[in-house]
Amino acid sequence: MRESELRNLLDDLSVEEKVGQLFQLSGSFLVDNAVITGSWDNQELSEQELAVTGSVLSISGAGEIKRIQEECMSRQPHHIPALFMLDIINGYHTIFPISLAQGATFEPELAQRGAEIAAKEGAAAGLHVTFSPMADLVRDARWGRVMESTGEDPYLNSCFSAAMVRGYQGNDVREKGRLAACVKHFAGYGAPEGGRDYDNVELSERTLREAYLPAYEAAIKAGAKLVMTSFNSLNGIPASANKKLMRNVLRQEMNFDGVLISDYDAVGELLNHGIAEDGKAAAKLAIEAGVDIEMVSQHYLRHMSELMERGEVPVELLDQAVWRVLKLKNSLGLFENPYKDADEEAEKQIVLCREHREMARETARKSFVLLENKEEILPLRAETGKKIAFIGPYADSQEICGSWSFPPKDSGVVSIKKGMMEKNPAAAMCFHEGCYILRQDWCLKNGEQLVFNEDKAKHLMAEAVNAARGADTVVLCLGEHYQQSGEGASRTVLQIPEEQKKLLREVTKVNSNIVTLVFTGRPLELEEEANLSKAVMIVWFPGTESGGAIADVLLGEKEPGGRLPMSFPYRAAQMPLYYNRFRTGRPSEDGAIGSFRTGYVDQVDKALYPFGSGIGYTRFQYGSIWITRQVLTGGQPILAFCMVTNVGKRAGTETVQLYLADLHASVIRPVRQLRGFQKITLAPGESCEVVFEIREEMLRFWDSEMNYVSEPGQCMVFIGHDSTAENSAQFVLE
Ligand code: BGC
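These remarks concern the structure in this document. On a predicted model such as this, the values are computed, not experimentally measured, just so you know.

### Some thoughts on the overall build of the protein
Across its full length, the protein carries 20 helices and 27 strands. On C-alpha atoms alone, the protein measures out to a radius of gyration of 26 Å, which is about the 27 Å that the 2.2 N^0.38 rule sets for 734 residues. A principal-axis box enclosing the C-alpha atoms of the protein has dimensions of 75 × 65 × 45 Å. When burial is assessed residue by residue, the protein has 63% of its 734 residues classed as buried. Sequence separation of at least 24 residues holds for 79% of the intrachain contacts in the protein that already meet a minimum separation of 6. In the structure as shown, the protein presents an accessible area of about 27500 Å², 48% of it carried by carbon and sulfur atoms. Taken together, the 77 basic and 102 acidic charged side chains of the protein have centroids lying 5 Å from each other.

### Overview of the nonpolar core
Judged by nonpolar contacts, the single largest core of 207 residues is most densely connected at F186, M304, F390, I391, L517, W540 and L554. Apart from residues no more than four positions distant in its own chain, L517 is found in contact with I416, V475, L476, C477, L478, M537, V539, I550 and L554. I625, I627, V690 and F731 belong to the second-largest nonpolar core, a separate cluster that totals 25 residues.

### Some thoughts on the pattern of salt bridges
As enumerated under the stated definition, the model contains 53 salt bridges in all. The residue K679 makes a salt bridge to E107 at a minimum N-O spacing of 2.9 Å. Residue K679 is found in strand β22 (residues 673–682), and its partner E107 is found in the loop between α5 (99–104) and α6 (108–124); the two are separated by 572 residues along the sequence. Assessed through its relative accessible area of 26%, K679 is described here as partly exposed. Among the ionic pairs, E480 bridges to R522, the shortest N-O distance being 2.6 Å. With E480 in the loop between β14 (473–479) and α18 (498–510) and R522 in the loop between β15 (514–519) and α19 (527–532), the pair connects residues that are 42 residues apart, well separated along the chain. Residue class for E480 comes out buried when judged on its relative accessible area of 0%. What makes R522 buried here is its relative accessible area of 0%. Linked through salt bridges whose partners overlap, the residues forming this network are R357, R361, R365, K423, E545, D552 and E557.

### A short note on helix α9 (residues 243–253)
Those residues of α9 lying buried are L245, M246, V249, L250 and R251. One side of α9 holds all its buried residues, which, seen down the axis, span an arc of 165°. Seen from the buried face of α9, the exposed residues on the opposite side, beyond 90 degrees, are K244 and Q252.

### With respect to the packing of α6 against helix α7 (residues 154–169)
Contact pair α6 / α7: the axes reach a minimum separation of 7 Å and the direction vectors enclose 30°. Crossing handedness for the pair α6 and α7: right-handed. Of α7, the residues touching α6 (which contributes P108, A111, Q112, A115, E116, A118 and A119) are C159, F160, A163, M164, R166, G167 and Y168. Per-class residue counts for the contact of α6 with α7 are 10 nonpolar, two polar and two charged.

### Comments concerning the sheet that holds strand β27 (residues 728–733)
Overall, mixed pairing links the five strands, which are arranged β19-β27-β26-β21-β22 in an open sheet. Two strands lie at the open edges of the sheet, namely β19 (631–632) and β22, each paired on one side alone. Summarising the sheet, strand β21 (residues 652–662) and strand β26 (residues 713–720) pair through six bridges and their orientation is antiparallel. In the sheet register, Q657 faces β26, and the bridge partner there is G720.

### Structural notes on the sheet that holds β14
Strand order in the open sheet formed by six strands is β11-β16-β15-β14-β12-β13, with mixed pairing between adjacent strands. Here the strands that pair on one side only, and so sit at the sheet edges, are β11 (369–373) and β13 (428–432). Between one strand axis and the next, the sheet turns through 15° on average, direction left out of account. Two strands pair when backbone bridges link them, and β15 and strand β16 (residues 535–538) are joined in this way by four bridges, in the parallel orientation. Within β16, the residue paired with V515 across the bridge is A535. The strands touched by helix α20 (residues 546–554) within the sheet are β12 (387–391), β14, β15 and β16, with β15 carrying the most contacts at an inclination of about 150°.

### Concerning the pairing of β14
For β14, the tally of buried residues reaches seven of seven residues, placing the bulk of the element in the interior. Where burial is concerned, the two faces of β14 agree: the one with T473, V475, C477 and G479 and the one with V474, L476 and L478 are both buried. The sheet contact formed by β14 and β15 spans six bridges and is parallel. If you follow C477 over to β15, its bridge partner there is L517. At this point the chain moves from β14, through α18, to the parallel β15, and the crossover so formed is right-handed.

### Observations regarding the packing of aromatic side chains
This model, assessed by the stated rule, comprises 17 aromatic pairs. Seen from their ring centres, Y436 and F452 are 4.6 Å apart, and the 40° between their planes marks the pair as tilted. Of the two residues, Y436 is situated in the loop between β13 and α17 (454–469) and F452 in the loop between β13 and α17; the sequence distance between them amounts to 16 residues. Relative accessible area serves as the criterion here: at 13%, Y436 is assigned to the buried category.

### Remarks on unusual backbone geometry
Cis geometry marks the peptide bond from S132 to P133; its omega dihedral reads 10°. With respect to the element layout, P133 can be found in the loop between β4 (129–130) and α7. Following M575, the chain continues into P576 via a peptide bond in cis, with omega recorded as -5°. Structurally, the position occupied by P576 is in the loop between α20 and β17 (620–622).

### What to know about the packing of helix α11 (residues 279–289) against helix α12 (residues 299–309)
The geometry of α11 relative to α12 is characterised by a closest axis approach of 8 Å and an angle of 85° between their N-to-C directions. As summarised for this structure, α11 and α12 are arranged roughly perpendicular, according to the angle between their axes. In this structure, α11 uses G279, K280, A283, K284, A286 and I287 to contact α12, whose residues at the interface are H299, Y300, H303, M304, E306 and L307. Of the residues contributing to the contact of α11 with α12, the split by class is six nonpolar, three polar and three charged.

### Some words on the environment of R583
Take R583: it is sitting in the loop between α20 and β17. In this structure the C-alpha to C-alpha distance between R583 and V267, which are 316 residues apart in sequence, comes to 39 Å. What R583 contacts, discounting residues up to four positions off in sequence, is D662, L663, I668, R669, P670 and V671.

### Quick look at the pairing of β12
With four of five residues buried, β12 is to be regarded as a mostly interior element. Of the pairings in the sheet, the one linking β12 to β13 comprises five bridges and is parallel in character. Residue pairing in the sheet places F390 in a bridge with F431 of β13. As a crossover connection, the stretch from β12 through helix α16 (residues 416–423) into β13 is right-handed.

### Re the environment of K120
Following the sequence through the fold, K120 ends up in helix α6. Residue class for K120 comes out partly exposed when judged on its relative accessible area of 36%. Separated by 226 residues in sequence, K120 and A346 have C-alpha atoms that sit 9.7 Å apart. If near-sequence neighbours (up to four positions away) are discounted, K120 is found in contact with G177, I350 and H356.

### Observations concerning α6
Helix length check: α6, at 17 residues, gives a terminal C-alpha distance of 24 Å against a target of 24 Å (1.5 Å per residue), a fit within 8%. Among the 17 residues of α6, 12 are classified as buried, and the element is accordingly described as predominantly covered. By the burial criterion, the buried members of α6 are P108, L110, A111, G114, A115, I117, A118, A119, E121, G122, A123 and A124. Each element contacted by the buried residues of α6 is listed here: α4 (62–75), α5, α7, α14 (344–350), α15 (354–367) and β22. Just downstream of α6 lies G126, where phi reads positive at about 95°.

How each quantity is defined
Residues numbered from 1 in each chain as written. Predicted model: local features only at pLDDT ≥ 70, side-chain atom pairs only at ≥ 80, totals over all residues. Heavy atoms only, no water. Helix = DSSP H or I, 4+ residues; strand = E, 2+ residues; numbered from the N terminus. Rg over C-alpha atoms; globule rule 2.2 N^0.38 Å. Buried < 20%, exposed > 50% of the residue type's maximum accessible area, 1.4 Å probe, protein only. Contact = heavy atoms within 4.5 Å. Areas by Shrake-Rupley, 256 points an atom, 1.4 Å probe, with all protein chains shown as cover. Lys, Arg positive; Asp, Glu negative; His and termini not counted. Charge placed at Lys NZ, Arg CZ, Asp CG, Glu CD. Core = buried A, V, L, I, M, F, W, Y, C linked by side-chain atoms within 4.5 Å. Salt bridge = Lys/Arg side-chain N within 4 Å of Asp/Glu carboxyl O. Arc of directions from axis to C-beta. Axes fitted to C-alpha atoms, helices over the stretch in contact; angles between N-to-C directions. Left-handed = near helix turned anticlockwise from the far one by under 90°. Nonpolar A, V, L, I, M, F, W, Y, C, P; charged D, E, K, R; others polar. Pairing = 2+ DSSP bridges. Right-handed = clockwise from strand over helix to strand, strands pointing away. Phe/Tyr/Trp six-rings, centres within 6.5 Å; stacked < 30°, edge-to-face > 60°. Parallel < 35°, antiparallel > 145°, perpendicular 65-115°, else oblique. Expected span 1.5 Å × (residues − 1).

See below:
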């Protein structure tokens, strides 16, 4: 539709119709099988309200959406098509590894291709918008939603959030197979107090701007069509009522002119926050802050007309919001083709097709982080007829897609057992559950009750220990229940569930050749596992192709490619824990225990496994850093060279990381910051000179007057394997 026609349409709408465009209805009002992602149950809606509804949440399937779209348009007085939105977080039906695992690949191009596939599947299933990427920076593993992020680093997160937007949207969302992306949760949702989901966020303006805002901004620069507000308050004001944040920072500074949607019932929650005394006040605050669409709660629907009549909300405000929604619909081409790509036949062919599954498998392999590999126990030598016992609740489980994925029951999620049997049917392998995944009554969101039977538990354990005794190698398949991380799943204990730790202890009494695979949505304490195992590998929640990818890596056909996107602690009490912390006046010596030093008297003040760490099946040696000039000026970047050599016996890929540190400034600076990374693949004995460009803007920060500047002085560059790299050179910034 031409812009002038769209303007005419807007002018022609009644106030009720305009307000309807700003309401998002939960799909559960319309169909029984809608995905439920929140707890709003006040779903009463009059015929009239239903008729003007502008968008629908959480319904999918080409047939279903076409049918509902037809109904929506026939009811809507101007036949305006509805928008259909869904959380496609790590894949639609072909499930990719969780976002945190994708961060571990240090390969944004992979996430881009994954997003492209998710968009193809989602679009064929009738959808228009996905609530992804989640660009929230995370530093506290107690928060359950760290699994939906790509980790603790602003630079890494920015690379991923932008790549995902490009993947979903391509050059034009109107194209076939594209979805509009909604970056979330603006802003600071990743820093709730104490790691408790939905709790308040207090961030200094400097930390907010330096650490938390860049990844949202990168997604917006990449063209994200929507932004979602966060549930939390930020420095005292809930995001959905935060005018300064939304109008000044998001709209003016970041130039965002797309649709701002509230999170699920977040406008309604302004009442609980004590910011709005009733629904009418909530609606007024939200529209004034710039929230265009209200997700699920109905305060716009109920009160906006009255607010307008009384002159409490100017008509321009309403029109601006509706205009943005209409523009989004138009950019998706819905006025010409309200069904966009919804196509039952295409859906059948595209969803879960071979090519998509292959891509999910590759991403999974590249996300696994090998943390220990003593005596080079991995890769396994299955061909020699050695016996391998796979033991643990994940040895043959299909619940390995993470809590923000909704794969259909028949999607053929590949368990470890299936993956290993397909890869190497002749190998001498056995598979035993070993124990219940959890003992305690965990509050499972799907209402499922975990039944625990003492006799069965004893039997499972005895069987597993027996199998371990007779095996050459034991692969322990352990980890969090998939619902222990995700929304509303904050934890104080960051450990593999106790029942499984018991299994680990019993099995290691009878066999010392232990490889431990850890399924998790967050960093965990793994000191005991590392002491009792020869190898420890984080496999996260790898998705549809889990088992195949694990088999590829265990058997050495491929190497594990991931590096940690979050620091793994010794103890949960270290939270928040992140490598790029600010310098202090009493730094400890490499985190050592010491009195009157920053840190603890009972625990080293560093990560057990630092950000960026992880190994493959070969080793790399770094030469010293050579820089082209000692002085960096605004106009002339420095090039930093470093020779990297594969000194192992097989080909492998290294993730070479660049960190910068500003040694003197007018405000405190982080000890170092990731500013670049490159993946290089080398044959045994091969060397490669890696080059990074260091530019002045990489050293900018917010000074005491909140100007974004760089200051002259000494700086350091580090190039190495992870965030503790010591290989360094100094230069002066002029
Ligand atoms: C979550 C969002 C999600 C929304 C819609 C909320 O509970 O916080 O991330 O996009 O539900 O499902």
